[in-house]
Amino acid sequence: MSESQGTVALLLRPLALMMQHAGVDPAPVFARHGLRVEDTGNPEAFVDAEASSSLLTDAEALLHDPSLGINVARLGEYSTFGGLGVALAAGGSMLSVLQRITRFHRLVSDVVVSGLGEDDHFVAIHFHARGDHAPHPQAILFVMASIVRMLRMRISSQVNPVKVETPFVSEGYVQAMRRYFRAPFEQSDHYSLYFDIEVARTQL
């Protein structure tokens, strides 16, 4: 039997808010997947990866939004990421923030494994599936959009990745990524964000 995987329920709080803003009561939608909206305010609550993925698929269809992950990220706060959020709020360089993301990512999810790659020109944060469960595309989009949103708030609104990699999902999904990240897209077997190394050394 494969090991159960999941994420902290806090990560679903912005999704519940987005539904409310769209005039949709999130409670019955969450309940269809065995989840409770009230758990999204509990930092100790974890949700099963399969349940959160089915919820995201339902919400994407219900709201007719191929850029769901991006729009949910716009409603996120540091507290959305629990213990990881505390690490992200600390100062330092953009590079140190990316390093903290890979170090503390396990505090909020074990669905993916994150890693950092660096050379003379670029630094890249990579997200690979862990175990048997394939991460939901909108969940990864939420994470990547949240990272870029935070960097734009802390450094400059003009901070963009130099390249985004993702397995091909759908044309609408890819177009949403291109618009938000303002960067070229390349197909890969996993998800990645690449940044210029000199920009990455910028102090927050």
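Keep in mind the model is a prediction, meaning the values are calculated, not measured.

What counts as what
Residues numbered from 1 in each chain as written. Predicted model: local features only at pLDDT ≥ 70, side-chain atom pairs only at ≥ 80, totals over all residues. Heavy atoms only, no water. Helix = DSSP H or I, 4+ residues; strand = E, 2+ residues; numbered from the N terminus. Buried < 20%, exposed > 50% of the residue type's maximum accessible area, 1.4 Å probe, protein only. Contact = heavy atoms within 4.5 Å. Areas by Shrake-Rupley, 256 points an atom, 1.4 Å probe, with all protein chains shown as cover. Lys, Arg positive; Asp, Glu negative; His and termini not counted. Charge placed at Lys NZ, Arg CZ, Asp CG, Glu CD. Arc of directions from axis to C-beta. Pairing = 2+ DSSP bridges. Axes fitted to C-alpha atoms, helices over the stretch in contact; angles between N-to-C directions. Right-handed = clockwise from strand over helix to strand, strands pointing away. Salt bridge = Lys/Arg side-chain N within 4 Å of Asp/Glu carboxyl O.

Asks: Looking at this structure, I do not really get the overall build of the protein chain. What am I missing?
Replies: Secondary structure assignment for the protein chain yields nine helices and seven strands. Its C-alpha atoms put the protein chain at 50 × 40 × 35 Å along the principal axes. Going through the 204 residues of the protein chain one by one, you find that 51% of them count as buried. In the protein chain, of all internal contacts separated by at least 6 residues, the share reaching a separation of at least 24 is 66%. Approximately 9,400 Å² of the protein chain is accessible, and the part contributed by carbon and sulfur atoms is 54%. The averaged location of the 22 negative side-chain charges in the protein chain is 7 Å from the averaged location of its 16 positive side-chain charges.

Asks: Got a minute to help me understand helix H8 (residues 171-181) in this structure?
Replies: Residues that lie three or four places apart on an α-helix share one face, since the helix turns once every 3.6 residues. Taken together, the buried positions of H8 are Tyr173, Val174, Ala176, Met177, Tyr180 and Phe181. Seen from one end, H8 has its buried residues packed into an arc of 155 degrees, which puts them on one side. Considering only its buried residues, H8 is in contact with helix H4 (68-73), helix H7 (137-154), strand S5 (163-166), strand S6 (185-187) and strand S7 (191-196). Downstream of H8 by a residue or two, arginine 182 has a phi angle that is positive, lying close to 50 degrees.

Asks: Please clarify how the sheet that holds S7 should be interpreted in this entry.
Replies: If you walk across this open sheet you meet the five strands as S3-S4-S7-S5-S6, and the pairing is mixed. The open sheet has two edge strands, strand S3 (112-118) and S6, and neither has a second partner. For this sheet, the mean angle separating the axes of adjacent strands, direction not counted, is 15 degrees. As defined by bridge partners, S5 adjoins S6 across three bridges and the pair is classed as parallel. Counterpart to glutamate 165 in the pairing with S6 is glutamate 186. On top of the sheet, helix H6 (residues 94-104) reaches S3, strand S4 (122-129) and S7; it is set at about 150 degrees to S3, its chief contact.

Asks: Hey, could you run me through the pairing of S5 in this one?
Replies: Consecutive side chains of a regular strand alternate in pointing toward one face of the sheet and then the other. Pairing of S5 with S7, which is carried by three bridges, proceeds in the antiparallel orientation. Paired with glutamate 165 across the two strands is serine 192, which belongs to S7. Considered for its hand, the β-α-β crossover made up of S5, H8 and S6 is right-handed.

Asks: Quick question: what am I supposed to make of the pattern of salt bridges here?
Replies: Working definition: two side chains of opposite charge can pair if their charged atoms are close together. Applying the stated criterion across every chain yields a total of seven salt bridges. Residue glutamate 165 is joined to lysine 163 by a salt bridge in which the shortest nitrogen-to-oxygen separation is 3.5 Å. Among the residues examined, glutamate 165 registers a relative accessible area of 9% and is labelled buried. Here lysine 163 makes a salt bridge to glutamate 186, at a shortest N to O gap of 3.7 Å.

Asks: Help me out: how do you make sense of the environment of leucine 95 in this one?
Replies: Relative to the helices and strands, leucine 95 resides in helix H6. Overall, the relative accessible area of 11% leaves leucine 95 in the buried class. Residues leucine 95 and asparagine 42, 53 residues apart in the sequence, show an inter-C-alpha distance of 30 Å. In this structure leucine 95 touches Leu116, Glu118, Val123 and Ala200, once residues within four positions along its chain are discounted.

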